[in-house]
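# Tertiary structure, described
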Amino acid sequence: METGTDVWNERVARGYDESSGHMYLPEVLDPAVDFLARRAGSGPVLEFAVGTGRVALPLSARGVRVAGIEKSEAMARELRAKPGGGDVALTIGDMTSSRAEGAFSLVYLVYNAITCLLSQEEQVACFRNAALHLEPGGRFVIEVFVPDLQRLPPGETARPFHVGDRHVGFDTYDLAAQRMVSHHYTIAEGRSSTFLSPHRYVWPAELDLMAELAGLEPSERWAGWNEEPFTGSSRSHVSVWRRPPDTP
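In this report, the structure presented in the accompanying data block is examined. Quick caveat, the model's predicted, so the values are computed rather than measured.

One open sheet accounts for seven strands, arranged β3-β2-β1-β4-β5-β11-β10; its pairing is mixed. Bordering the open sheet on either side are β3 (89-92) and β10 (217-222), each of which pairs with just one other strand. Pairwise comparison of adjacent strand axes, ignoring direction, gives a mean angle of 20° for this sheet. Pairing analysis gives five bridges linking strand β4 (residues 104-109) to strand β5 (residues 134-145), with the strands arranged parallel. In the strand pairing of β5, Tyr108 is matched with Val141. Sheet strands in contact with helix α2 (residues 26-40) are β1 (45-48), β4, β5, β10 and β11 (236-242), and its direction is about 155° off that of β4. Relative to the sheet, helix α6 (residues 204-213) contacts β5, β10 and β11, its axis offset from that of β11 by approximately 15°.

Written out as structure tokens, the structure is:
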């Protein structure tokens, strides 16, 4: 793995929930939890890169059995310290290779986390690891942005993605390497902080090929958790692939 745990260190973990506050808004979080709960059915679910439990904890609170794989011990400690954190079975490890105990009806990866894997090889390994965890007929769900390149003027390499009172963020692109770096500048309690996270952006069609390599079949693709139609102008997507029921 090129993405080290030092990216998600103690300082970042402590401030993660506040810096991602807009992702906790009911209109953002509730549709995601609804979507995942419907696809999970009565089976257990596994979140790759579970982080501080933004999605795992409300899903668990609905009675869904939730497990998680998380590489950063600092992020995992934040999850464990929260109410209900002990109900999520945590595995510390890499989502490309670490195994959680059991088989799952649903494996999911949200909030662009697939792009934290910085090579195509690692992203393919993540799909294969998800497939290994799925029971026959189980589903793998990914939420990720569509690369914003059509809005990048020729010769420019930076695009803002959030401008708020306490947070400004922009992405810089390396088009030849299919890489980008997200720059976050946050002001909280009179203090400023910066956070840079590297990503490998990936296209929907490329993800479909990764799924095929892992033995998964395309099932659904939406523009968001509210199941809006995915179109050529969609800026993100929620995609679902399925392990065939007759997979040995």
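The contact between helix α1 (residues 10-19) and helix α4 (residues 73-80) brings their axes to 8 Å, and the two run at 40°. With respect to their mutual orientation, α1 and α4 come out oblique. Viewed along their axes, α1 and α4 form a crossing whose handedness is right-handed. Contacts between α1 and α4 involve Glu10, Ala13, Arg14 and Tyr16 from the first element and Ala74, Met75, Arg77 and Glu78 from the second. Looking at the contact of α1 with α4 residue by residue, the classes come out as four nonpolar, no polar and four charged.

The rules behind these values
Residues numbered from 1 in each chain as written. Predicted model: local features only at pLDDT ≥ 70, side-chain atom pairs only at ≥ 80, totals over all residues. Heavy atoms only, no water. Pairing = 2+ DSSP bridges. Helix = DSSP H or I, 4+ residues; strand = E, 2+ residues; numbered from the N terminus. Axes fitted to C-alpha atoms, helices over the stretch in contact; angles between N-to-C directions. Contact = heavy atoms within 4.5 Å. Parallel < 35°, antiparallel > 145°, perpendicular 65-115°, else oblique. Left-handed = near helix turned anticlockwise from the far one by under 90°. Nonpolar A, V, L, I, M, F, W, Y, C, P; charged D, E, K, R; others polar.

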